[in-house]
Amino acid sequence: MRIIKSESLPTLTSSRLVLRWLEDTDAADLFAIFSNQQAMRFWSSLPWTDMAEALDLINSVRRHFAADSLYQWGVVRREDGALIGTCTLAHIDAQNRRAEIGFMLRPDCWGQGYMSEALSTLLRFAFEELAMHRIEADVDPRNGPSIRLLERLGFQREGLLRERWLVGQEVNDTVFYGLLQREWLARDRHA
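A brief structural summary. (Residues numbered from 1 in each chain as written. Predicted model: local features only at pLDDT ≥ 70, side-chain atom pairs only at ≥ 80, totals over all residues. Heavy atoms only, no water.)

## Looking at the overall build of the protein
- Broken down by element type, the protein carries five helices and eight strands.
- Seen through its principal axes, the protein has C-alpha atoms that stretch 45 × 40 × 35 Å.
- Within the span of the protein, comprising 191 residues, buried residues form 50% of the whole.
- Of the roughly 9,900 Å² that the protein leaves accessible, carbon and sulfur atoms contribute 49%.
- Here the protein holds 23 positive side-chain charges and 27 negative ones, and the gap between their average locations is 5 Å. (Helix = DSSP H or I, 4+ residues; strand = E, 2+ residues; numbered from the N terminus. Buried < 20%, exposed > 50% of the residue type's maximum accessible area, 1.4 Å probe, protein only. Areas by Shrake-Rupley, 256 points an atom, 1.4 Å probe, with all protein chains shown as cover. Lys, Arg positive; Asp, Glu negative; His and termini not counted. Charge placed at Lys NZ, Arg CZ, Asp CG, Glu CD.)

What follows is the structure in structure tokens.
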């Protein structure tokens, strides 16, 4: 049974952002983000080197959406329409109402609260509209800003997975985080 019964992802909005379906015209902006060494420092793959990788991502997002296994939105600034990042629900398990959250933001937009706003919007949608029970996050333990963001959103550290990723020639650990629907709803009510 499909979780989202439409041809594309719903558009989600917040005060400064729009989370929307990725289009072919987003390829150049996606390439600029995912080819950036600084942005990709703690990612689970190397920076992109070819524009074709951006179109591959967009096509992959569409295939995974059709299979109900991944939902990825472009994060767009309302003020100028600029695509500044992405946020994702991946590894969607409809039976257990579980997914993994992922996010990427252009480095020049770091520290301005954009990803906190985008993820709050996405989590509200995941827990309230999709009735997800649990959202997980997998983050490099050296990525302090992402860890602090997840913790501010209510995620709890659940463990360290040693040498989980091989990125290029570098072996990296993962810190695993989880957030339950009841924790989000209780937090959201008190906000």
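We are not done yet, so read on.
## Some points on the state of the cysteines
- In total, this model carries zero disulfides according to the counting rule given.
- As a non-bridged cysteine, cysteine 87 has cysteine 109 as the owner of its nearest cysteine sulfur, 14 Å distant.
- For cysteine 109, a relative accessible area of 1% translates into the label buried. (Disulfide = S-S within 2.5 Å.)

## Re the environment of leucine 119
- Looking at where leucine 119 falls in the secondary structure, it is placed in helix H3 (residues 114-129).
- A C-alpha to C-alpha distance of 9.9 Å links leucine 119 and threonine 86, two positions 33 residues apart in sequence.
- The contacts of leucine 119, once residues within four sequence positions are left out, are Cys87, Ile101, Phe103, Leu149 and Leu153. (Contact = heavy atoms within 4.5 Å.)

## Let's talk about unusual backbone geometry
- We note that histidine 91 has phi near 50°; this positive angle belongs to a residue other than glycine.
- As for its position among the elements, histidine 91 is in strand E4 (residues 83-93).
- Taking relative accessible area as the criterion, histidine 91 reaches 59% and is therefore assigned exposed.
- With a phi close to 55°, alanine 131 is a non-glycine residue in the positive phi region.
- With respect to the helices, strands and loops of the structure, alanine 131 is situated in the loop between H3 and strand E6 (134-139).

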